[in-house]
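# A look at the structure
Letter by letter, the chains look like this.
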Amino acid sequence: MAKKDDKTNVMRVLDQRKISYRHYSLDNMTTNALQVAEGLGTDPQYLYKTLVTVGKSREHYVFMVPAQDELDLKKAARAVGEKSIDMIPQKELLPLTGYVHGGCSPIGMKKQYKTTIHINARDTEKIFFSAGKIGRQVQVSPTDLERVIPLQYYDITKGAAD
């Protein structure tokens, strides 16, 4: 656990909800998810990127996908009942969520958006995702993450056959 004055908002929310987590600080301040997984010494399938999108309805959605995977926009749109979705422009991320690119977390955004995580997380004991700052990660069980934010599971990544 981090020192009290070293905690991010994500860690404070997890503490308030009495959710068990592990915190990691990386010396390398990269925003590349595969490099972050390498820095953590974990398989990229256990490190989840947090991606923010906007639907045709102008509603915003959050998707979490493993580091080595790419979000399939058509599957993602189906998951949230939209005709289509697009990634938000990077310049809109901070005003919309309170987070910068590379430090975006599904926990503690300015507003709670519908969040979908790739279905593989359901069978995973622990996953890593951003602790809300570049170079900071938390490890939490998907079950515990569900206790903090409304979460649905869906196949949202591009597969070999796609």
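Refer to the preceding data block for the structure.
Read on for a plain summary of the structure. Keep in mind it's a predicted model, so treat the numbers as computed, not measured.

## Overview of helix H1 (residues 9-16)
For H1, the set of buried residues is Val-10, Met-11 and Leu-14. All buried residues of H1 project into a common sector of 95 degrees when viewed along the axis, lining one side. Counted as exposed and oriented over 90 degrees from the buried face of H1: Asn-9 and Gln-16. Residues of H1 that are buried sit in contact with strand E1 (22-25), strand E6 (127-130), strand E7 (136-140) and helix H5 (142-148).

## What to know about the side chain of Gln-137
For Gln-137, the location among the structural elements is in strand E7. At 3.4 Å, the side chain of Gln-137 and the backbone nitrogen of Ser-130 are in polar contact. Discounting chain neighbours no more than four positions away, the residues touching Gln-137 are Arg-22, His-23, Tyr-24, Val-36, Leu-40, Leu-47, Phe-128, Phe-129, Ser-130 and Ala-131.

## Focus: the sheet that holds E1
Across the sheet, 3 strands lie side by side as E1-E7-E6; this open sheet has antiparallel pairing. Looking along the sheet, the strands with just one partner apiece sit at the ends: E1 and E6. Pairwise comparison of adjacent strand axes, ignoring direction, gives a mean angle of 30 degrees for this sheet. Where E1 lies against E7, 4 bridges are found, and the strand directions are antiparallel. Within the sheet, the bridge partner assigned to His-23 lies in E7 and is Val-138. Along the sheet face, H1 touches E1, E6 and E7 and points at about 25 degrees away from the line of E7.

Here is what the cut-offs are and how they apply
Residues numbered from 1 in each chain as written. Predicted model: local features only at pLDDT ≥ 70, side-chain atom pairs only at ≥ 80, totals over all residues. Heavy atoms only, no water. Buried < 20%, exposed > 50% of the residue type's maximum accessible area, 1.4 Å probe, protein only. Helix = DSSP H or I, 4+ residues; strand = E, 2+ residues; numbered from the N terminus. Arc of directions from axis to C-beta. Contact = heavy atoms within 4.5 Å. Polar contact = N/O pair within 3.5 Å; in protein donor to acceptor, adjacent residues only side chain to side chain. Pairing = 2+ DSSP bridges. Axes fitted to C-alpha atoms, helices over the stretch in contact; angles between N-to-C directions.

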